[in-house]
Amino acid sequence: MIYQGQAINVQVDADGIAQMQFDLKGDSVNKFNRTTLEELKDALAAIKQSTKSQSIKGLLVTSGKECFIVGADITEFMGHFAAEEDALAAWALEVNKIFNVLEDLPFPTVTVINGIALGGGLEVCLATDFRVMSTKAKVGLPEVKLGIFPGFGGTVRMPRIVGVDNACEWIAAGGQHDAAKALKDGVVDAVLEPEHLLKGALLLLQQCIEGKIDYRQKRQEKLDPLKLPPLENMMAFQTCMATVKQQAGRNYPA
């Protein structure tokens, strides 16, 4: 065990595979509260430090609960919203930096989505190179239904992973989607029955380690500009905006 906290633990096996597990003590679900975010920063620092002293070859991101991560802890929202705008922006920037550390680790990363992954729970999945999802799981970005936008990198990574049109649907409609929809749109890379999920994710990670799958190219897609030419990008966003406004009307400003 290279890190043990109240919400996250990290261990490395004899083959150099690190597993970072979300398992919030004293709660039935995992969520991104202040404790979990602080521990994610510390856990990633421990992984980077351990990489210097031992050969970590890859990372699995898992959950110790039936869900993956249900999202941010909305009970903490009012405290954030009461702050000045500059303070709120600074907080969001710091969280994004944490997710960037995960995305930039010097080895392949795979998330095992065993259950519900919503909001920040899906956004942390998007920060890894690959996502393997259970047939029983559901994923989505429902923040818009609370009047806010995905603030942990989802608005940046999602369009690069699934394209502008799909991303606008996922972000602006705020729906929860099953595994078939997530696979069809490219949000996840594989869907497996629950009993095969961990084994399948580990096999994918091993293929990346062995060079059979180019995880660096996969990662680069999230770092590059959107693939559409600027004019087509503009047209795509304008079309999406018109569609969303038509559906939302005056009573759905977010």
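Small disclaimer: the values here were computed from a predicted structure and weren't measured.

J.: Any chance you could explain the nonpolar core here in plain terms?
T.: Soluble globular proteins: nonpolar side chains tend toward being buried together. Core analysis: the biggest nonpolar cluster contains 48 residues, and Met 20 and Met 158 have the highest contact counts within it. For this core, the leading source of residues is helix α1 (residues 34-53), giving 6 residues. For Met 20, the residues in contact, after removing those within four places along its chain, are Ile 8, Asn 9, Val 10, Leu 40, Ala 43, Leu 44, Ile 47, Leu 59, Leu 60, Val 61, Thr 62 and Leu 102. Counting 12 residues, the second-largest nonpolar core is a separate cluster that includes Ile 17, Phe 130, Val 132 and Cys 208.

J.: What is the right way to look at helix α10 (residues 230-248) in this model?
T.: Each turn of an α-helix holds 3.6 residues, which means side chains three or four residues apart point in the same direction. Here α10 spans 27 Å end to end across 19 residues, near enough to the 27 Å set by a 1.5 Å rise per residue. All of the buried residues along α10 are Asn 233, Ala 236, Cys 240 and Ala 248. Looking down the long axis of α10, one finds its buried residues gathered within 85 degrees of arc, a one-sided arrangement. Among the exposed residues of α10, those pointing more than 90 degrees away from its buried face are Leu 231, Thr 239, Lys 245 and Gln 246. Against the buried residues of α10 lie α6 (164-173).

J.: Hey, could you run me through the pairing of strand β5 (residues 109-113) in this one?
T.: The side chains of a regular strand alternate between both faces of the sheet. Within β5, 5 of the 5 residues are buried, which leaves it mostly tucked inside the rest of the structure. Going residue by residue along β5, you find Thr 109, Thr 111 and Ile 113 tucked away on one face and Val 110 and Val 112 tucked away on the opposite face as well. Summarising the sheet, strand β4 (residues 58-63) and β5 pair through 3 bridges and their orientation is parallel. Bridge pairing in β5 links Val 61 to Thr 111. As paired strands, β5 and strand β7 (residues 130-134) are joined by 4 bridges and run parallel to one another. The partner of Thr 111 across the bridge, within β7, is Arg 131.

J.: In this structure, what is going on with the pattern of salt bridges? I would like to understand it.
T.: A side chain with one charge can pair with a side chain of the opposite charge if their charged atoms come near. One pass over the structure, following the stated rule, counts 13 salt bridges. As a salt-bridge pair, Glu 103 and Lys 222 come within 3.1 Å of each other at their nearest N and O atoms. In this pair, Glu 103 sits in helix α3 (residues 85-103) while Lys 222 sits in helix α9 (residues 215-223), placing the two residues 119 residues apart along the sequence. Accessibility assignment for this pair places Glu 103 and Lys 222 in one class, buried.

How each quantity is defined
Residues numbered from 1 in each chain as written. Predicted model: local features only at pLDDT ≥ 70, side-chain atom pairs only at ≥ 80, totals over all residues. Heavy atoms only, no water. Core = buried A, V, L, I, M, F, W, Y, C linked by side-chain atoms within 4.5 Å. Buried < 20%, exposed > 50% of the residue type's maximum accessible area, 1.4 Å probe, protein only. Helix = DSSP H or I, 4+ residues; strand = E, 2+ residues; numbered from the N terminus. Contact = heavy atoms within 4.5 Å. Expected span 1.5 Å × (residues − 1). Arc of directions from axis to C-beta. Pairing = 2+ DSSP bridges. Salt bridge = Lys/Arg side-chain N within 4 Å of Asp/Glu carboxyl O.

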